[in-house]
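What the coordinates show
Residue-level listing of the chains:
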Amino acid sequence: MIRQLVALPSLGQRGIIVSLEGGYNPSATADGLEACLRCMLCAGAAGVSHDVQQKRASVKRETAISLRAALQCQSRYWPCLTGWQSIVVAGVRLGDLLFPLVLQCAQHLPCWCGLGSEPDHSNDWEALPESFLAQSALTQLADVDADSTPEKLAERCVARFLGGGMPRTASDFSVVSRRLADTRGGLGTVLAVQVRCDQGAKREAIVKLLVTPQDPVDESDAKVRESFRAEMEFYTRGTAQRLAAAGAFCPNLLHTTCESSLSVLCLSLLPGSRQTQRLTRQQLLAALHWLARLHSLFWGERADEQVALGGLHAHGCFWDHGRTTTECGKDLAGWERRLTMAGRAIDMRLKADVFQAICHGDAKPDNMMFWAEGEGVAVAVCDFEHAGKAQHMKDVAYCMLSAGALGESAAEQDAYLQQYLELLLPLLPPGPEGAPTLTQIRTAYSLCICDFARWMCARGWSKEERAVFEEPCVAVLGAIDGGVALSSEGDYVAAVFAAFPPC
């Protein structure tokens, strides 16, 4: 497409701005950037193989459905799009479709894009109705599920709202919605839907939507679908209710739909507010107490039983070594290379530990809501896409890291570990696993920090992030390899298990 745009005198003389969205796959981003630059420098699209172009050339059925629905919705505000939805069919070449479509739209863009002469404010996003963006996200699903408008979803939630305090005599309901975020690489949307009744009462729900192919070919799409379905299973199998009964507050399930390519999850709105800055000491202790309740509820054999029921990940946490791709030591040196070489061994050691539990898998402040309760702080946690079985300290390490505690002194971090253990011990059920000691907690914490650092290092971290991890990682690696890189990953397996025997 860029090669065709460059060939147009009216565009080539004014310059072209290229924006590459994403970054989830650094290799793909680099390849795309290189191909774009080659085209803009009139060097052709060398480097992008013919096979790759052919593989990505045709529009899939799901893509055609989304494009038609989007064009139908947008044509109300962009008259130049009228009629395009009728020619979007599966199998058409994507370039043949999008290139003329982009040119047609370009003629109607405001002058700040370098196209056209006078701005047409009727097409500015800011001039659209406030609810348009939220409505359009659901309107695009019309060909997939005609019952997925905010109004229809809200109607399905009303019965639960009545049980939650909305007057049962209410007969007239109105619905408003707003988009909160786009997630999962653009495949998902999160909305807030509010239901108001004629007697003045109102209730809000959080609606999560995901549209993916039923049998996704792309690996990242498949992982997104798997994670969303895992969260749906977390609610439909009653795990959330068990957590709430144990005092670990989380959203209630209001409605769920799971069809060929559409997944919908409607949840109750949590009280409180998010902490945008680093957590206070009280908030972090509240979060650790919540995690202790979760871990103790599904401790040891109970974690295996919960995974066996279906839905939850056999290996929880989004940075799990088996669920991510790490090229061992590539283009790295020093302790970072040693860390990536030891990554698989550390993962094996953590999975061999007897103290396994169901972990949240993404226990960061963004997924927590805090509110004052007496003289203390209460917390509720959401987003269970990565929940599954793991060494319980992976949750604690990531929570403390996300809260900013890794930047505190070793003594302060150790104090948090002691308090987590004090919160956990009274909650643990009797079983063959027993209870961890403080020494075992400290060891697992150090290994979990290295485990997460391995993921951070592989995806590319900043100098500041690298500095935070360097001291704890170098200390653990020194105990494993004595400060000198071993010859292979296999050597690290033996060294890790010798330095840190499993519990």
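Residues numbered from 1 in each chain as written. Predicted model: local features only at pLDDT ≥ 70, side-chain atom pairs only at ≥ 80, totals over all residues. Heavy atoms only, no water.

The protein chain is annotated in an unreviewed UniProt entry as Aminoglycoside phosphotransferase domain-containing protein from Prorocentrum cordatum.

Counted at 1.5 Å a residue, the expected span for helix 15 (residues 410-424) with its 15 residues is 21 Å, and the 21 Å between its end C-alpha atoms agrees. Along helix 15, the positions that sit buried rather than exposed are Gln413, Asp414, Tyr416, Leu417, Tyr420, Leu421 and Leu424. With its buried residues spanning 155° around the axis, helix 15 presents them on a single face. Facing away from the buried side of helix 15 by over 90 degrees, the exposed positions are Ala411 and Glu422. On its buried face, helix 15 is in contact with helix 11 (281-297), helix 14 (393-402) and helix 16 (438-459). (Helix = DSSP H or I, 4+ residues; strand = E, 2+ residues; numbered from the N terminus. Expected span 1.5 Å × (residues − 1). Buried < 20%, exposed > 50% of the residue type's maximum accessible area, 1.4 Å probe, protein only. Arc of directions from axis to C-beta. Contact = heavy atoms within 4.5 Å.)

Time to look at unusual backbone geometry. Backbone phi values are negative for most residues with the exception of glycine, while trans is the configuration of most peptide bonds. A positive phi angle, close to 85°, is found at Cys317, a residue other than glycine. If you trace the backbone, Cys317 turns up in the loop between helix 12 (301-308) and helix 13 (334-352). Phi at Asp383 is positive, roughly 60°, even though this residue is not glycine. Structurally, Asp383 can be placed in the loop between strand 8 (376-381) and strand 9 (388-391). Take Asp383: its relative accessible area is 23%, and that puts it in the partly exposed class.

Moving on, we get to the nonpolar core. By size, the foremost hydrophobic cluster in this structure holds 89 residues, and its most contacted members are Leu243, Leu284, Trp290, Met393, Met400, Phe452 and Phe469. At twelve residues, the largest contribution of residues to this core is made by helix 16. (Core = buried A, V, L, I, M, F, W, Y, C linked by side-chain atoms within 4.5 Å.)

We now examine the packing of aromatic side chains. One pass over the structure, following the stated rule, counts 17 aromatic pairs. Ring plane angle 35° and centroid distance 5.9 Å describe the contact between Trp299 and Phe355, whose orientation is recorded as tilted. Placement of Trp299 in the loop between helix 11 and helix 12 and of Phe355 in the loop between helix 13 and strand 6 (356-359) is noted, with a sequence separation of 56 residues between them. Both residues of the pair, Trp299 and Phe355, count as buried. Look at Trp335 and Trp461: their rings are 5.7 Å apart centre to centre, the planes differ by 40°, and that puts the pair in the tilted class. Separated by 126 residues along the polypeptide, Trp335 in helix 13 and Trp461 in the loop between helix 16 and helix 17 (463-481) bring together distant segments of the chain. Here Trp335 matches Trp461 in class, with each residue buried. Aromatic rings pair up to connect Phe318, Trp319, Trp335, Tyr398, Phe452, Trp455, Trp461 and Phe469 into one cluster. (Phe/Tyr/Trp six-rings, centres within 6.5 Å; stacked < 30°, edge-to-face > 60°.)

So, about the pairing of strand 7 (residues 368-373). The pairing of strand 7 with strand 8 spans six bridges and is classified as antiparallel. Of the residues in strand 8, the one forming a bridge with Met368 is Val381. Connecting the antiparallel pair strand 7 and strand 8 is a turn made up of two residues, with Gly374 showing a positive phi of about 65°. (Pairing = 2+ DSSP bridges.)

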